[in-house]
Amino acid sequence: MENRLDRVENRLDDMEGNLKLVKLRQDNMARKLNDLQLDVKIAEREIRRDIRDLNDEMETVIEVMKMNELIPG
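As the structure is a prediction and not an experimental result, all values here were calculated from the model.

K.L.:
Got a minute to help me understand the overall build of the chain in this structure?
P.N.:
In terms of regular secondary structure, the chain is built from 1 helix and 0 strands. Computed over its C-alpha atoms, the radius of gyration of the chain comes to 31 Å, more than 25% above the 11 Å expected for a compact globule of 73 residues. In terms of overall dimensions, the chain has C-alpha extents of about 100 × 10 × 10 Å along its principal axes. Here the chain holds 73 residues, and 0% of them are scored as buried. With the model as given, the accessible surface of the chain reaches about 7,200 Å², and the carbon-plus-sulfur share is 56%.

What follows is the structure, encoded as structure tokens:
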């Protein structure tokens, strides 16, 4: 009986070790996911800024073309 309980205890210890490893991996993945979400938000902000800059530049080009009568204005 004692031997059987020792084997069960050893198996439970192994399972506890495996569970700790799974928790560490899950924490690591959660951190990576948070980092990825931040990277995406930063990229979206930069893309919006680039689009706004391009729109401003296009408006400037259009106004210069109108002033030089290259397009109707």
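K.L.:
Before we go on, may I ask you to explain the pattern of salt bridges in this structure?
P.N.:
Side chains that differ in charge, positive against negative, can pair when their charged atoms come close. Tallied over the entire structure, the rule returns 2 salt bridges. The partner of Glu16 in a salt bridge is Lys20, and the shortest N-O contact between them spans 3.9 Å. Separated by 4 residues within a single helix, Glu16 and Lys20 lie in helix H1 (residues 2-67), roughly one turn from each other. The residue Lys66 makes a salt bridge to Glu63 at a minimum N-O spacing of 4.0 Å.

K.L.:
How do you make sense of H1 when you look at a structure like this?
P.N.:
Given 3.6 residues per turn, any residue in an α-helix points the same way as the ones three and four places further on. Helix length check: H1, at 66 residues, gives a terminal C-alpha distance of 97 Å against a target of 98 Å (1.5 Å per residue), a fit within 8%. Trailing H1 by a residue or two, Glu69 shows a phi angle of about 55°, which is positive.

K.L.:
Would you mind showing me how to read unusual backbone geometry here?
P.N.:
Most peptide bonds take the trans configuration, and most residues that are not glycine carry a negative phi. Residues other than glycine seldom take positive phi values, yet Glu69 does so here, at roughly 55°. Residue classification places Glu69 among the exposed positions, given a relative accessible area of 70%.

K.L.:
Sorry, what's going on with a positive patch on the surface here?
P.N.:
Residues Arg45, Arg48, Arg49 and Arg52 make up a contiguous surface patch of positive charge. Along the chain, the position of Arg45 falls in helix H1.

K.L.:
When you look at a nonpolar patch on the surface in this model, what are you seeing that I'm missing?
P.N.:
On the surface, a cluster of nonpolar side chains totalling about 290 Å² of accessible area is made up of Val8, Leu12 and Met15. With respect to the secondary-structure elements, Leu12 resides in helix H1.

About the cut-offs
- Residues numbered from 1 in each chain as written.
- Predicted model: local features only at pLDDT ≥ 70, side-chain atom pairs only at ≥ 80, totals over all residues.
- Heavy atoms only, no water.
- Helix = DSSP H or I, 4+ residues; strand = E, 2+ residues; numbered from the N terminus.
- Rg over C-alpha atoms; globule rule 2.2 N^0.38 Å.
- Buried < 20%, exposed > 50% of the residue type's maximum accessible area, 1.4 Å probe, protein only.
- Areas by Shrake-Rupley, 256 points an atom, 1.4 Å probe, with all protein chains shown as cover.
- Salt bridge = Lys/Arg side-chain N within 4 Å of Asp/Glu carboxyl O.
- Expected span 1.5 Å × (residues − 1).
- Patch = residues over 30% accessible without salt bridge, like charges linked within 9 Å, V, L, I, M, F, W, Y side chains within 5 Å.
- Lys, Arg positive; Asp, Glu negative; His and termini not counted.
- Charge placed at Lys NZ, Arg CZ, Asp CG, Glu CD.

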